[in-house]
Amino acid sequence: MKNNLALTGMMGVGKSTVGKALSKRLLMDFSDIDKIIEKKLEMTIQKIFEKRGETFFRELEEKTTLKELKKKNIIISLGGGSFINPIIRKNILLNCECFWLDLDLALLEKRLHKSKKRPLLDGKNLRKNLETIYNKRSKTYAAADYKINCNKLNIKLITNKIIKLHANNKALS
C-alpha cells in the first residue's frame, strides 16, 4: 500500500499550500522539494537557474526527490517540472498516491502575473508561456493517480477531496 502522497501540477497551482494543509489534517510530514533545494543552496530557484542553469537544477531536483521518497508517512510537493522527469515520475507512481492539482490557465495567470521567482516565465508573454508549458506537461501530469480540478475549490475543499480519495484507497488495500 502507498502511504505517501505526492502533489504535482503547474507552478502557482497551490501544491505547497495544499500540502501543508494536508500534512496538518493527516498528521503526516511535509516536504516541499523546491524549498529543500533553496535551503540547501541558500538561493532561490530563480537564482539557481540564473547562476547554475536548468540542467544543474533538474539533476539536484531528481536527487532530492528520490531521497525524500525514501521517507515514510510523507506528503511531497513536487516542483512544477519534476513529474516530467521519467525517473521521478516512475518512483512517485510506485511509492505514492499522486494527485494532479489542475487549474485553469486564466486563474494561473492571475496568480502568477506579479511573480518574479518563476524562472521559466517571461512576464511580457505570461499567458503564452503558461499555455506552452501547460500543453507540454498536461499529458504527463495525467499519469497521476488522481486529477483534482481546483478551479472552483478553496484549500479546504481540495484537501477534503484528497483525504476522501486517500481514505477510499486505503480501504480498498
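The text that follows walks through the structure, step by step, so that each part is easy to find.

**Digging into the environment of K20**
Turning to step 1, where the next piece is worked out: Along the chain, the position of K20 falls in helix α1 (residues 15-26).
Turning to step 2, where the next piece is worked out: By relative accessible area, which is 45% here, K20 ends up partly exposed.
Turning to step 3, where the next piece is worked out: Once the C-alpha coordinates of K20 and F30 are considered, the two residues, ten residues apart in sequence, prove to be 6.4 Å apart.

**Concerning the packing of aromatic side chains**
Turning to step 1, where the next piece is worked out: Tallying each qualifying case throughout the model produces three aromatic pairs.
Turning to step 2, where the next piece is worked out: Centre to centre, the rings of F49 and F57 are 5.2 Å apart; their planes meet at 45°, and the pair counts as tilted. F57 matches F49 in its accessibility class, with the two residues each being buried.
Turning to step 3, where the next piece is worked out: A cation over an aromatic ring shows up here: R52 above the ring of F56, its NZ or CZ 4.3 Å from the ring centre.

**Remarks on the pattern of salt bridges**
Turning to step 1, where the next piece is worked out: Taken as a whole and judged by the stated rule, the model has six salt bridges.
Turning to step 2, where the next piece is worked out: Of the charged contacts, one joins K47 and E50 as a salt bridge, the two residues approaching to 3.5 Å between their closest N and O atoms. Placement of both K47 and E50 in helix α3 (residues 45-52) is noted, with a separation of three residues, approximately one turn of the helix.
Turning to step 3, where the next piece is worked out: K47 sits in the partly exposed class, given a relative accessible area of 37%.
Turning to step 4, where the next piece is worked out: Here K147 and D102 are joined by a salt bridge, their closest N and O atoms 3.4 Å apart. Of the two residues, K147 sits in strand β5 (residues 146-149) while D102 sits in strand β4 (residues 96-102), which places them 45 residues apart along the sequence.
Turning to step 5, where the next piece is worked out: Connected via shared salt-bridge partners are E54, R58 and E61.

The rules we used
Residues numbered from 1 in each chain as written. Predicted model: local features only at pLDDT ≥ 70, side-chain atom pairs only at ≥ 80, totals over all residues. Heavy atoms only, no water. Helix = DSSP H or I, 4+ residues; strand = E, 2+ residues; numbered from the N terminus. Buried < 20%, exposed > 50% of the residue type's maximum accessible area, 1.4 Å probe, protein only. Phe/Tyr/Trp six-rings, centres within 6.5 Å; stacked < 30°, edge-to-face > 60°. Lys NZ or Arg CZ within 6 Å of the ring centre and 35° of its normal. Salt bridge = Lys/Arg side-chain N within 4 Å of Asp/Glu carboxyl O.

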